[in-house]
Amino acid sequence: MGVIRLTEADWRLFAALRLRALAESTGTDDAEYRTEMSFTGTQWRRRLRAHAQFALARDDRMVGLIAAHRASPGSVYLYSLWTDPLERGRGVARTLLTAAIDWGRELGAHTVTLRVHRDNAAALGVYRALGFVATPDAAVGPQSPGPADELTMTLTLS
């Protein structure tokens, strides 16, 4: 398995992987899928400039994706973690999370924050195993509080 940080040159790969993730998780009738389906190359490249996007390849096939951005000088926010349904339970999420957390460390971040659906037991297990703990929404910083069915979790980096 190999994690890569996608660059602007990878925009076609990113677009295909992101649309695949959205189609699988929310469906092709979802408003976000329809919006992103109409993105131009410029819009995909802009997204890759604005936020770090990490993808995981296994046997020449992309099987996972996670996005990260610097929320403040001391914190990183992770979002849009997706793993191919055929690869779930095989360490893809943990590998992607580790890459994104390491990226945050390289930036000098002290905390990493994310949100997860309260009923997503598999994701909660992975996050807790990495040291994430539930925190009040106020800890997220500039992001607005999440929906009531989401839990904010934070990892303190040492």
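Criteria and cut-off values
Every residue gets a number counted from 1 within its own chain, in the order that chain's sequence is written. The model is predicted, so local features are restricted to residues of pLDDT at least 70 and side-chain atom pairs to those at 80 or more, both for listing and for counting; the totals for chains, interfaces and linings are taken over all residues. For side-chain calculations, the full set of non-hydrogen atoms in the structure is used, while hydrogens and water are omitted. Secondary structure is summarised from DSSP: a helix means a run of H or I of at least four residues, a strand means a run of E of at least two, and numbering begins at the N terminus for each. When accessible area is computed with a 1.4 Å probe and restricted to protein chains, residues below 20% of their type maximum are described as buried, those above 50% as exposed, and intermediate ones as partly exposed. In what follows, residue pairs with any heavy atoms lying within 4.5 Å of each other are defined as contacts. Structural elements are reduced to axes, namely lines fitted to C-alpha atoms, with helices fitted over the stretch in contact, and the angle between N-to-C directions of any two is expressed from 0 to 180 degrees. If an angle is under 35 degrees, it is roughly parallel; if it is over 145, roughly antiparallel; if it lies from 65 to 115, roughly perpendicular; otherwise it is oblique. Gly falls in the polar group here, along with every residue not listed as nonpolar (Ala, Val, Leu, Ile, Met, Phe, Trp, Tyr, Cys, Pro) or charged (Asp, Glu, Lys, Arg).

**Describing the environment of Met153**
Argument step 1. Mapped onto the elements of the fold, Met153 is located in strand β7 (residues 150–156).
Argument step 2. Residue classification places Met153 among the buried positions, given a relative accessible area of 0%.
Argument step 3. A sequence separation of 17 residues divides Met153 from Pro136, and the C-alpha atoms of the two residues are 8.2 Å apart.
Argument step 4. Once residues within four sequence positions are removed from consideration, Met153 is found in contact with Val112, Thr113, Leu114, Val116, Leu124, Tyr127, Arg128, Phe132, Val133, Ala134 and Thr135.

**A look at the packing of helix α1 (residues 11–25) against helix α3 (residues 41–50)**
Argument step 1. Relative orientation of the contacting elements α1 and α3 amounts to 90 degrees, with a least axis distance of 9 Å. If you check the angle between α1 and α3, you find them roughly perpendicular. Along the contact surface, α1 presents Trp11, Phe14, Ala15, Arg18 and Leu19, while α3 presents Gly41, Trp44, Arg45, Arg47 and Leu48.
Argument step 2. Tallied by class, residues from the contact of α1 with α3 come to 6 nonpolar, 1 polar and 3 charged.

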